[in-house]
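Listed here are the chains, written in short residue letters.
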Amino acid sequence: MKTLNLLLLIIMVSASSLFGQKKPQYDESKVPDYTLPELLKTSGGKTVTKKKQWEKIRRHEVLALFTNQVYGKTPDRKIPMQFHTQSIDKEALDGKATRKQVRIYFGRDTSRHMDLLIYFPNQVKAPVPVFLGLNFTGNHTIHTDPGILICPKKAGNERGMRVRRWPVEEILARGYGVATAWYGDIQPDLPDTFKEGVHQLFFKPGQRKPAPGEWGAIGAWAWGLSRAMDYLEQDADVNSRQVAVLGHSRLGKTSLWAGAQDTRFAIVISNDSGEGGAAITRRKFGETIKDLNTRFPHWFCGNFKQYSNRENELPVDYHELIALIAPRPVYVASASEDLWADPRGEYLSLYHAGPVYRLYGLEPIIDPEPPGLEKPVSTGIMGYHLRNGKHDILLYDWSNYMDFADKVFRK
Ligand code: GCU
């Protein structure tokens with residue numbers, strides 16, 4: 001009987017690894033020893049000790065590595081944009097808010113566009129600080145407000161189905177505006193759909209997919225956030241020097257990459273972004289590069305594929321992504337049951353990005369151990385919390401982001 005059980009176990013284990021369904025590694029004692037790439041060492045071997053050296057040499061090197069090896073290159077070419085205000089309601093949400101809906105056309109031809117929904121708090125004088133983030137299921141799903149235009153019209157994506165992720169009233173009550181757009185307006189979240197998103201605007205004649213060093217879907221979504229910022233910059237109701245970019249999960253990876261590239265974002269927030277976002281990949285805890293490349297081959301650039309099962313060969317690790325945000329404030333959040341995203345690894349990225357913040361005379365997080373459950377830590381320039389519960393973005397997370405933003409913006 002014992003031998004039979006053993007045999008069955010062996011068959012099961014080999015079958016699951018055959019089909020690539022290896023169990024995720026969630027055992028802290030099995031995290032391998034690893035050496036992080038040196039954040040403050042230039043490719044020429046010089047140690048960076050001053051912020052000028054960081055800004056002039058090392059920051060460019062790190063950004064180039066993330067560009068060429070991870071997310072792919074975002075096209076430099078500017079495309080002409082048009083902003084078309086579709087509706088303004090100054091008495092939205094029982095008079096508490098002004099709701100604006102703006103269609104942002106990418107290019108002169110009006111076939112490609114992104115719809116931006118913005119709520120402004122009526123009780124504070126303009127211009128106001130704004131939280132900007134993409135949503136997964138359509139603008140009309142973030143609130144039950146019947147005035148929100150429906151997009152996309154998809155069965156299942158009902159009005160208000162995602163209210164738990166967008167505590168609009170609480171955000172407004174604290175004096176912040178909130179702006180969002182549906183990520184699918186920019187680029188569909190499916191492999192081999194590059195012809196359907198903004199990639200197409202930049203393809204060479206006959207090109208059907210990005211070259212190995214060109215942007216993937218995360219690059220496109222991050223580009224979309226920058227286009228939303230282009231709009232916010234010229235809206236007189238927005239304090240465009242106080243725009244915090246945030247995102248959950250794959251959209252948290254996106255907000256980090258947007259914040260790394262576009263310095264107009266005053267605060268960058270990652271909610272449960274995990275592997276390919278805030279988490280240190282060399283820890284090999286939870287999701288791995290191979291998981292990302294296998295299940296979501298369209299998110300990263302072609303060059304990233306070579307690092308499946310080769311985390312240690314990736315010339316960067318994700319603390320360097322956080323460092324690209326310096327000297328701007330950055331906040332990372334995790335959830336206790338979200339082991340797939342590696343909460344500890346997400347915290348450690350912040351911790352290891354500290355030396356760059358220190359070059360600016362700023363106070364990073366200095367504790368190598370993450371704080372306990374729902375014990376947020378913040379130095380005013382870096383913040384972190386571990387929420388109790390599952391992979392999600394909830395009021396608890398938002399409240400901490402607003403506390404952090406209050407400090408940063410001295411509200
Ligand atoms: C999957 C994926 C993660 C991602 C998440 C999400 O779980 O493996 O990398 O962050 O989806 O976007 O919800």
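The rules behind each value
- Residues numbered from 1 in each chain as written.
- Predicted model: local features only at pLDDT ≥ 70, side-chain atom pairs only at ≥ 80, totals over all residues.
- Heavy atoms only, no water.
- Helix = DSSP H or I, 4+ residues; strand = E, 2+ residues; numbered from the N terminus.
- Rg over C-alpha atoms; globule rule 2.2 N^0.38 Å.
- Buried < 20%, exposed > 50% of the residue type's maximum accessible area, 1.4 Å probe, protein only.
- Contact = heavy atoms within 4.5 Å.
- Areas by Shrake-Rupley, 256 points an atom, 1.4 Å probe, with all protein chains shown as cover.
- Lys, Arg positive; Asp, Glu negative; His and termini not counted.
- Charge placed at Lys NZ, Arg CZ, Asp CG, Glu CD.
- Expected span 1.5 Å × (residues − 1).
- Core = buried A, V, L, I, M, F, W, Y, C linked by side-chain atoms within 4.5 Å.
- Near = heavy atom within 4 Å.
- Polar contact = N/O pair within 3.5 Å; in protein donor to acceptor, adjacent residues only side chain to side chain.
- Nonpolar A, V, L, I, M, F, W, Y, C, P; charged D, E, K, R; others polar.

Trainee: So what's going on with the overall build of the protein? Residues and values would help.
Mentor: If you tally the helices and strands in the protein, you get eleven helices and ten strands. Compactness check: the protein gives a C-alpha radius of gyration of 21 Å against a globular reference of 22 Å for 411 residues, within 12% of the reference. When the backbone C-alpha atoms are referred to their principal axes, the protein occupies close to 70 × 50 × 50 Å. Split into buried and exposed, the 411 residues of the protein put 56% on the buried side. Within the protein, residue pairs in contact and separated by at least 24 positions form 68% of the contacts whose partners lie at least 6 positions apart. Accessible area for the protein stands at about 18300 Å²; split by element, carbon and sulfur atoms hold 54% of it. The average position of the 55 basic charges and that of the 46 acidic charges among the side chains of the protein differ by 4 Å.

Trainee: Please set out helix 11 (residues 395-408) residue by residue, giving values where relevant.
Mentor: Between the first and last C-alpha of helix 11 there are 20 Å, a value that for 14 residues agrees with the 20 Å anticipated at 1.5 Å per step. Those residues of helix 11 lying buried are Asp397, Trp398, Asn400, Tyr401, Met402, Phe404, Ala405 and Val408. At the exit of helix 11 stands arginine 410, carrying a positive phi of roughly 50 degrees.

Trainee: Tell me what's going on with the nonpolar core, and back it up with residues and numbers.
Mentor: Grouped together as the largest cluster of nonpolar side chains are 86 residues, with contacts concentrated most on Trp54, Phe66, Leu116, Leu232 and Phe304. Sort the elements by how many residues they give to this core and helix 6 (residues 217-233) lands first, with eleven residues. Aside from chain neighbours lying at most four places away, what touches leucine 116 is Lys100, Gln101, Val102, Ile104, Leu132, Asn139, Ala179, Thr180, Ala181, Ala228, Tyr231 and Leu232. With 29 residues, the next largest nonpolar core counts Ala97, Ile171, Val408 and Phe409 among its residues.

Trainee: Any chance you could break down the site of the ligand for me, citing the residues and the numbers?
Mentor: The full set of residues close to the ligand is Ser249, Arg250, Lys253, Glu287, Leu292, Arg295, Phe296, Trp299, Trp340 and His391. Note that an oxygen atom of the ligand is positioned 2.6 Å from one of the side-chain N or O atoms of serine 249. One of the side-chain N or O atoms of tryptophan 340 is found 2.9 Å from an oxygen atom in the ligand. Here the ligand has 320 Å² of accessible area as a free molecule, and 86% of this is covered by the chains. Of all the secondary structure elements, the ones that give two or more residues to the shell around the ligand are helix 7 (250-261) and helix 8 (289-295). Residue composition of the shell around the ligand, by class: four nonpolar, two polar and four charged.

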